[in-house]
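A closer look at the structure
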Amino acid sequence: MRKCLLLLGLIGSLHLCLFGQAEAPEKISAKYEQSLKKLVEVHKQIHSLHPLLKKLYPVAVVEGEYFYVFDVNAAGGYELAESARPAMIVSQGIRAAFPLDFYENKMACVVSGDVFDDISGYAMIFHEFIHCAQMENGEPELKNRLRVAQRAQSESDFMWELSHPFPYGDVEFVEVYSLFLETAAAGDGEGVARCRAFLREILNAMDYEYMVWQEWKEGFARLIENRLRNKLEIAENRGGVDPPFNRVTFYEGGERYITLLFKQDKELEKDIQTLFQHMLNGQVD
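In this text the structure is predicted, and so the values were computed from the model without any measurement. (Residues numbered from 1 in each chain as written. Predicted model: local features only at pLDDT ≥ 70, side-chain atom pairs only at ≥ 80, totals over all residues. Heavy atoms only, no water.)

This part is about the overall build of the protein chain. Along the backbone of the protein chain there are 10 helices and 8 strands. The C-alpha atoms of the protein chain give 19 Å as radius of gyration, which agrees with the globular expectation for 285 residues (19 Å, within 12%). Reported as C-alpha extents along the three principal axes, the dimensions of the protein chain are approximately 60 × 40 × 30 Å. Put simply, 65% of the contacts in the protein chain that link residues at least 6 apart link residues at least 24 apart. Surface exposure of the protein chain reaches about 13,200 Å², of which carbon and sulfur atoms provide 51%. Between the mean site of the 30 positive side-chain charges and the mean site of the 43 negative ones, the protein chain shows a separation of 3 Å. (Helix = DSSP H or I, 4+ residues; strand = E, 2+ residues; numbered from the N terminus. Rg over C-alpha atoms; globule rule 2.2 N^0.38 Å. Contact = heavy atoms within 4.5 Å. Areas by Shrake-Rupley, 256 points an atom, 1.4 Å probe, with all protein chains shown as cover. Lys, Arg positive; Asp, Glu negative; His and termini not counted. Charge placed at Lys NZ, Arg CZ, Asp CG, Glu CD.)

Here we come to the packing of helix 1 (residues 25-46) against helix 2 (residues 119-136). The angle between the axes and the distance between the axes are what describe a pair of packed helices. Relative orientation of the contacting elements helix 1 and helix 2 amounts to 70 degrees, with a least axis distance of 11 Å. One finds that helix 1 runs roughly perpendicular with respect to helix 2. With respect to the hand of their crossing, helix 1 and helix 2 are arranged in right-handed fashion. In contact with Ser35, Lys38, Leu39, Val42, His43 and Ile46 of helix 1, helix 2 contributes Ile119, Tyr122, Ile125, Phe126 and Phe129. (Axes fitted to C-alpha atoms, helices over the stretch in contact; angles between N-to-C directions. Parallel < 35°, antiparallel > 145°, perpendicular 65-115°, else oblique. Left-handed = near helix turned anticlockwise from the far one by under 90°.)

Before going further, it helps to examine the packing of aromatic side chains. Applying the stated criterion across every chain, the model contains 24 aromatic pairs. Geometrically, the ring pair formed by Trp213 and Trp216 is tilted, given 5.1 Å between the ring centres and 35 degrees between the ring planes. Taken together, the positions of Trp213 and Trp216, both in helix 8 (residues 205-231) and 3 residues apart, correspond to about one turn of that helix. Look at Trp213 and you get buried, because its relative accessible area is 0%. Note on Trp216: relative accessible area 0%, which makes it buried. Three or more aromatic residues link up through ring pairs in this structure, and these residues are Trp160, Phe166, Tyr168, Phe173, Tyr177, Phe180, Tyr210, Phe245, Phe250 and Tyr257. Positioned above the aromatic ring of Phe180 is the side chain of Arg196, whose terminal nitrogen or guanidinium carbon lies 4.8 Å from the ring centre. (Phe/Tyr/Trp six-rings, centres within 6.5 Å; stacked < 30°, edge-to-face > 60°. Buried < 20%, exposed > 50% of the residue type's maximum accessible area, 1.4 Å probe, protein only. Lys NZ or Arg CZ within 6 Å of the ring centre and 35° of its normal.)

Attention shifts here to the confidence of the model for the protein chain. For the protein chain, per-residue confidence averages 92 on the pLDDT scale, and 93% of positions sit at 70 or higher. Below a pLDDT of 50 lies the segment residues 1-20, which in the model reaches 58 contacts outside its immediate sequence neighbourhood of four places, other chains included. (pLDDT = per-residue confidence, 0-100.)

For the peptide bond that leads from Pro243 to Pro244, omega is 0 degrees, which places it in the cis range. On the secondary structure map, Pro244 appears in the loop between helix 8 and helix 9 (249-264). A positive phi angle, close to 55 degrees, is found at Ser156, a residue other than glycine. Within the secondary structure, Ser156 is located in the loop between helix 4 (147-154) and helix 5 (160-163). The backbone of Glu233 sits at a positive phi, close to 60 degrees, despite the residue not being glycine. Tracing the chain through its elements places Glu233 in the loop between helix 8 and helix 9.

Turning our attention to the pattern of salt bridges. All told, the structure shown has 22 salt bridges when counted by the stated rule. The partner of Lys44 in a salt bridge is Glu41, with the nearest N and O atoms 3.2 Å apart. Of this pair, Lys44 and Glu41 both sit in helix 1, 3 residues apart, which is roughly one turn of that helix. The class for Glu41 is partly exposed, based on a relative accessible area of 40%. Where salt bridges share partners, they join Arg222, Glu236, Arg238, Glu252, Glu255 and Arg256 into one cluster. (Salt bridge = Lys/Arg side-chain N within 4 Å of Asp/Glu carboxyl O.)

What follows is the structure, encoded as structure tokens:
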């Protein structure tokens, strides 16, 4: 998932009337009509894979400087609900989820139109929908307990989830996390427990919290994404598994850790807040 979002100031959103001409609503609606119908059809195929896939969320398609927000109507399909030119710049290829200040702060999947070019892009939309669901199912409460998040808030660092200076290249971290990936993939609970204990020892408190946060948030979304990829008979997403490590490594590590925890306690699938606490504590059983 490429969250290439560059905030140029949290000064609110400026609507189209202030900035000249955008695409006519009829043209934009027609352009994405079939793609959004396909999104609804894919949802019918995969919504039973996890309770957090039950709901469809708004999709904001970015064209140039404009956001075109499609939301679910009473008939269960998508229709163009809002158009705006927000005070931010996003890059081509964006795949993200965040609240839209110009649309009642509703969570939305924010994408560029090329996401609809192939079925893999639809899988990425549902990955982002999982983030929308996490936000509605306890994410803010969990985040507010973390010292790394509290510090970021005190410093008005709104991009900390993307830019935290984690020591990805530290030799000891790379060695231990590589072993963790191997033991988790093998379903070796004892090995995973040892690795998690080592990680807690070698990382400072902020870095440890950041790692677990990314494993929970992105690892869970990656796990559900790969479930639906299997359902749709397309290749799984395994980005981040090989060094050099970076933030995406935690997507893979989180998925492997969560998969092991789910095998040991199926109730965790329905309780993502308790799942996070297990991960923060380094629990395996």
